[in-house]
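Here's the letter readout for the chains.
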Amino acid sequence: MEPQTPVGEIGERALIRHLRSRIPSGPGVIVGVGDDAAAVETGPLTLVTSDTLVEGIHFRREWSPPRLLGRKALSVNLSDVAAMAGLARYATVSLCLPPDIPLAFVDGLYDGLLERAAETGVSLVGGNLSASEDRVVVDMTVLGQGDHLVRRTGGLAGDLVVVTGTLGAAAAGLRALEKGARLDGDGDLSNRGAWPADAADGLVPCLRAQLDPSPPLAFGRALAEQDIVHAAMDLSDGLSGDLLSLCEESELSAWIEPEWLPVDPCAAALEKETGGDAFSLALHGGEDYQMLMAVPPERVDALREVAGVWSVTLSVVGQFAPGAPGLSLRFGEAMRKLRPKSHDHFAGRERRREPAPEA
Ligand SMILES: [Mg+2]
């Protein structure tokens, strides 16, 4: 089959045969691709999570090389399993493809998917193919094994708000894409867009953070062996919106100290170049796929040790407090109410998020 052949000409059965021939088997897979359902071993608990990437909503074909799209589709699901202190084991992928999509696009997507799966010990065990009118949809489900889960509930007043890594890079990468910067399928810069040559250093890390995120998977999983973290979730929608979610589930309020935010240095450099400030990207921007945790103050040093093993950095950015779910920014002794902003997929834009009404 020629790479440029549209999938509509190849036909569903031949495309399935082709993709199936690319999928290796893996440990714990009793029945893999090809039967009515897969059969796999997990336990003692089975974690299940799904995430969908829709063309025009979550990605654009002109700025997402298919290989990176495949990697990201899996990574965002792996992030959710790690945020529960679970170990991702198996994945299924359902693709909706417009008939004019070339085989090369689908193979590129599978390149990324299978490569990321191999890196993380995940077996692809099934999925589905469907035609769509004009948009690519990549819908994945990941199964993981869990034992000692870390949930969003369980945070206590006095716990510190702790995040991994740096924040704002993925949002800065999205802005860079909007201004014409591009990566090729290998993750190398193919177009600087609006940026001068001397400002291009920060571009690649931000574009990669957006197009090929790498959540702290091993660190998340390691939390199952430690009784350190009271509550956790991954940062997909942005710190302010996600912290409000954690507050709601743990029935707490929280404050953030602006100066403590680990603003990504590359995001800061890019924003400076365009006269902006990366602080709001770190506070509200989504898709960093770092972890957000509620940690008792006396356990933060122990958590830093675990993080150090996995080369993950930690930042204390605030504290949980008693009270109705809501957020504040702390400036010295003064507290200012913080209205979270999150991306609203149905509105297709950023929307202020209000705390859920109290029951
Ligand atoms: Mg999540």
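Only a predicted model underlies this, so the values are computations on that prediction, with no experimental measurement involved. (Residues numbered from 1 in each chain as written. Predicted model: local features only at pLDDT ≥ 70, side-chain atom pairs only at ≥ 80, totals over all residues. Heavy atoms only, no water.)

(A) Local environment of the coordination of the magnesium ion. Taken together, Asp80 (OD) and Asp234 (OD) make up the full set of protein donors to the magnesium ion, lying 2.0 to 2.1 Å away. On the criterion of sequence distance, the pair formed by Asp80 in helix α3 (residues 66–82) and Asp234 in strand β10 (residues 231–234) is long-range, its members being 154 residues apart. (Donors = N, O, S within 2.8 Å, 3.2 Å for Na, K, Ca; no water. Helix = DSSP H or I, 4+ residues; strand = E, 2+ residues; numbered from the N terminus.)

(B) Structural context of the sheet that holds strand β3 (residues 45–54). Spatially, the four strands line up as an open sheet ordered β3-β6-β4-β5, and their pairing is mixed. Both outer strands of the open sheet, β3 and β5 (123–131), are each paired with one neighbouring strand and no more. Taking each pair of neighbouring strands and ignoring which way they run, the sheet shows an average axis angle of 15°. Of the strand pairs in this sheet, β3 and strand β6 (residues 137–146) are connected by 10 bridges, and their pairing is antiparallel. Among the inter-strand pairings, Asp51 is bridged to a residue of β6, identified as Met140. Where α3 meets the sheet, it contacts β3, β4 (87–97) and β6, and its direction lies at approximately 140° from that of β3. Sheet strands in contact with helix α4 (residues 103–120) are β4, β5 and β6, and its direction is about 175° off that of β4. (Pairing = 2+ DSSP bridges. Axes fitted to C-alpha atoms, helices over the stretch in contact; angles between N-to-C directions. Contact = heavy atoms within 4.5 Å.)

(C) Molecular detail of the packing of aromatic side chains. A complete count under the given rule lists one aromatic pair for this structure. Here the aromatic rings of Trp255 and Trp260 are separated by 5.9 Å at their centres, their planes lie at 50°, and the arrangement is tilted. (Phe/Tyr/Trp six-rings, centres within 6.5 Å; stacked < 30°, edge-to-face > 60°.)

(D) Representation of the side chain of Gln290 within the structure. Within the secondary structure, Gln290 sits in the loop between α10 (279–284) and β12 (291–295). Residue Gln290 is classed as buried on the basis of its relative accessible area, which comes to 14%. Look past the residues within four positions of Gln290 in its chain and what remains in contact with it is Thr164, Gly165, Thr166, Leu167, Pro216, Met233, Asp234 and Leu235. (Buried < 20%, exposed > 50% of the residue type's maximum accessible area, 1.4 Å probe, protein only.)

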